[in-house]
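# Structural overview
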Amino acid sequence: MREKLPEILIEAASVVLALLLALGASAWHERNQDIERAQTARAAILAELRNNRTELGKNREATTRNLAILNEMAKDESSAKGQSARFDVPLALLSEAAWRTAQSSQALRNADYAWTIEISKCYELQGLFMQMQWLALEQLADVEKVKIDTKADIAKQLQGRFNILSNLSANLEQAYVELLDTPKPRGGK
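All of the points below concern the structure found in this document. Since we're looking at a predicted model, the values are computed, not measured.

## A look at the packing of aromatic side chains
According to the stated counting rule, one finds one aromatic pair in the structure shown. Relative to Tyr-123, the ring of Trp-99 has its centre 5.2 Å away and its plane inclined at 10 degrees; by these criteria the two rings are stacked. With Trp-99 in helix α2 (residues 97-104) and Tyr-123 in helix α3 (residues 113-141), this pair connects stretches of sequence that are 24 residues apart. Overall, Tyr-123 belongs to the buried group, its relative accessible area being 4%.

This is the structure in structure tokens:
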């Protein structure tokens, strides 16, 4: 037995070394896959934000026009409620699918932390915009139910939400500019 002890020790050391090499290779491969996933998620998120920015641009123009119409209506105390005013309110359908998928799949666990926080803030602002857009549309749809005598009174009721919507839209556009037009670190940590 003593004669075979060096052979057994060499063989055991070889097995331990092979096991350690396999674990190291596996960890290296997993890390590379995580970095690739983070880069794929980052690209998808940035593409989604570019599309959202385009969608928001269409909505911002209409919101600006509607605000001008509301401001004019608010000045005209003489016009009766029955006279029609036309609002073009296209919905800004802003997606958050890539962001939610990246979160649920943990694809961003190896992404730059500061970048991830900035993206998260942008999506939070986008969520606020979507909420305010919905509230403005609800208020606009309910105008006929409200007992108001003049278009000026109606305009004054709507101005607040459309002003907030306009401000949120401007802030969201600025967030898009900062994220999409300013070079940032790529990929992993």
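So, next bit.
## Overview of the packing of helix α1 (residues 5-75) against α2
Closest axis-to-axis distance for the α1/α2 pair is 8 Å, and the angle between their directions is 155 degrees. In terms of orientation, α1 and α2 fall into the roughly antiparallel class. Judged by the sense of rotation from one axis to the other, the crossing of α1 with α2 is left-handed. Mapping the contact onto sequence places Ala-41, Ala-44, Ile-45 and Glu-48 in α1 and Ala-97, Ala-98, Trp-99 and Ala-102 in α2.

## Examining the pattern of salt bridges
With the rule as written, the count across this model stands at eight salt bridges. Two residues, Arg-109 and Glu-30, come together in a salt bridge whose shortest N-O distance is 4.0 Å. One end of the pair, Arg-109, is in the loop between α2 and α3; the other, Glu-30, is in helix α1, with 79 residues separating them in the sequence. For Glu-30, a relative accessible area of 42% translates into the label partly exposed. The residue Lys-121 makes a salt bridge to Glu-118 at a minimum N-O spacing of 3.7 Å. In this pair, Lys-121 and Glu-118 both sit in helix α3, three residues apart, roughly one turn of the helix. Residue Lys-121 is classed as partly exposed on the basis of its relative accessible area, which comes to 47%. According to the relative accessible area criterion, Glu-118 is partly exposed, its value standing at 33%.

Basis of the calculations
Residues numbered from 1 in each chain as written. Predicted model: local features only at pLDDT ≥ 70, side-chain atom pairs only at ≥ 80, totals over all residues. Heavy atoms only, no water. Phe/Tyr/Trp six-rings, centres within 6.5 Å; stacked < 30°, edge-to-face > 60°. Helix = DSSP H or I, 4+ residues; strand = E, 2+ residues; numbered from the N terminus. Buried < 20%, exposed > 50% of the residue type's maximum accessible area, 1.4 Å probe, protein only. Axes fitted to C-alpha atoms, helices over the stretch in contact; angles between N-to-C directions. Parallel < 35°, antiparallel > 145°, perpendicular 65-115°, else oblique. Left-handed = near helix turned anticlockwise from the far one by under 90°. Contact = heavy atoms within 4.5 Å. Salt bridge = Lys/Arg side-chain N within 4 Å of Asp/Glu carboxyl O.

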